[in-house]
Amino acid sequence: MNYPFCSDDFSLRPYWWDITPPPQADDSAVSASTDVLVIGSGYTGLHCAVQTARAGRHTTVIDAQDLGWGCSSRNGGQISGEIKPDYAELTRRYGSAEAHALIAEARTALEWLGEFVDQQDIDCDYRRCGRFVAAHSPRQFDMLVANLHRQPPGLEQESHIVEPRDQSSEIDSDYYHGGMVIDRHCSLDPAKYHAELVRLARAAGAELIAHCEATSIERNADGFRVATAGGVIQARDLVIATNGYTGSFAPWQQRRIIPIGSYMLATEPMAPERAAKLMPRDRVFSDTRRIVVYFRRSPDGRSLLFGGRVSVFESDPVKSLPALRQEMLRIFPQLEDVRISHTWMGFVGYTFDTLPHLGRKDGIYYAMGYCGSGICLASYLGNRIGLQLLGHEEGACAFDRPRFQTRPLYSGKPWFLAPSVRYYQLLDRLS
Ligand SMILES: Cc1cc2nc3c(=O)[nH]c(=O)nc-3n(C[C@H](O)[C@H](O)[C@H](O)COP(=O)(O)OP(=O)(O)OC[C@H]3O[C@@H](n4cnc5c(N)ncnc54)[C@H](O)[C@@H]3O)c2cc1C
């Protein structure tokens, strides 16, 4: 189904897949037994597998779909190393030392990722482009200024305010009221990055099996007996890396992850000068709304890639596309004549405390709950959970917290989302 504003070659596949199709999986049958079985082949699963396979453990990664089919090949490619709760909120909850540790480690993760990409020669259009956080109201602009001036000691980051009168140097739009640039934030091509992780995992000896859904887990004397679409796998160690797609095969984790749809569109390629004019410094963008939008130019500089949470339960991105395009036109009305070439969606994994978590429950390792900022944190926590499994001290992590909350009656279907989103939209309008 096409809308009049869609291009002739309109596609429901992520924009990135035109450049990097889903990587080839191993065509061998799945091994009947393995040292480490990783369920989920996104950034979390592959980073874990790189560690365990390099350490000589027979490592098997399975995915219910193509390799990397989940968020890891369909995201916006904006890298932040930020967690959702701010220092004040974390201090209120856990005290200042823990607040400091959580924020500092997320920031460390961003540096770690940059070094990883560099040292492992990862070809993924990685750029330290900086982020423009756009204020959606004058009040939010004042709050950005205030927050910049009261950064917690030891957690200051290089950033500067852009006054509303200077905003055109960052964005060709009157929608916003100034903003703030965070210099360290980066961008990459998510599917290229994922394909490179596949290359590293395979080079380390991991076996990578697609279309092999895990359906149940049973503990036994030798570890875990996992029923999958490809047959039963006996694994000494088991890692759950399914994040926003965690299903009933892992009920404890499913009760702790809130899947929330995130939707994206790509415009058809524009003349390079026209696309460059939209965001002259070619940064990544997000805004101060609670129901956030995010956008950037494609690595070739010619398309706008625009995302947001425009629906609650909808998994058909075609139905959400008019609302998403409307959001884009509110910011860039000059794009009315530019057609849409792609739209797609995926489920990010939120948590009740809006923090990512990793750890071990009933002997099963897990890392998940990146709350929409998983390029950096899924990579880092995937690496850490692999190190924990190997018994290395470097696996210690501030996000390995004793309490991973759920709610009474919650079993993985977030019935409370629609009213919450409407409430937050109202707050956004009021502010
Ligand atoms: C539209 C969109 C835009 C985003 N933009 C950004 C962004 O700009 N910046 C950012 O930092 N983050 C972004 N994210 C979030 C980020 O992509 C994720 O946090 C990250 O990729 C999570 O990686 P993961 O490996 O944990 O999970 P995923 O990549 O989602 O992988 C989980 C995998 O588990 C598999 N699976 C599920 N159940 C089973 C089973 N039973 N058996 C076998 N396999 C199973 C799935 O098929 C899936 O491939 C975005 C997400 C979406 C959807």
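Procedures and definitions
- Residues numbered from 1 in each chain as written.
- Predicted model: local features only at pLDDT ≥ 70, side-chain atom pairs only at ≥ 80, totals over all residues.
- Buried ≥ 20, exposed ≤ 12 C-beta atoms within 10 Å, placed from the backbone.
- Helix = DSSP H or I, 4+ residues; strand = E, 2+ residues; numbered from the N terminus.
- Pairing = 2+ DSSP bridges.
- Expected span 1.5 Å × (residues − 1).
- Contact = placed C-beta atoms within 7 Å.
- Core = buried A, V, L, I, M, F, W, Y, C linked by C-beta atoms within 7 Å.
- Near = placed C-beta within 6 Å.
- Nonpolar A, V, L, I, M, F, W, Y, C, P; charged D, E, K, R; others polar.

A. Region of the structure containing the pairing of strand S17 (residues 340-350). With nine of 11 residues buried, S17 lies mostly within the body of the structure. Taken together, the two bridges between strand S1 (residues 6-11) and S17 define a ladder with parallel strand orientation. Within S17, the position partnered with cysteine 6 by the bridge is isoleucine 340. In the sheet, strand S13 (residues 258-267) pairs with S17 via 10 bridges, with the strands oriented antiparallel.

B. Main features of helix H4 (residues 96-119). Taking 1.5 Å per residue as the helical rise, H4 with its 24 residues ought to reach 34 Å, and the 34 Å between its terminal C-alpha atoms agrees with that figure. When we look at burial in H4, the residues that qualify are Ala99, Leu102, Ile103, Glu105, Ala106, Ala109, Leu110 and Leu113. Structurally, H4 contributes buried residues whose contacts are with strand S4 (78-79), helix H3 (87-94) and helix H10 (374-389). One or two residues past the end of H4 sits aspartate 121, with phi positive at roughly 55°.

C. Structural view of the nonpolar core. The biggest cluster of nonpolar side chains holds 112 residues, and the ones touching the most others in it are Val38, Ala49, Val61, Ala201, Val239 and Leu381. At eight residues, the largest contribution of residues to this core is made by H10. In contact with alanine 201, other than residues within four places in its own chain, are Leu46, Ala49, Val50, Ala53, Val61, Ala206 and Leu208.

D. View of the site of the ligand. Lining the immediate environment of the ligand, one finds 45 residues, of which Gly42, Gly70, Gly76, Gly346 and Gly374 sit closest. The set of elements that each furnish at least two residues to the shell around the ligand consists of helix H2 (43-54), S4, S13, S17 and H10. The element contributing the most residues to the shell around the ligand is H10, with four residues. Taken together, the residues of the shell around the ligand break down into 20 nonpolar, 22 polar and three charged.

E. How the structure looks around unusual backbone geometry. Even without glycine at this site, aspartate 125 takes up a positive phi of about 55°. Its location among the elements puts aspartate 125 in the loop between H4 and strand S5 (131-134). Residue classification places aspartate 125 among the partly exposed positions, given that 16 C-beta atoms sit within 10 Å.

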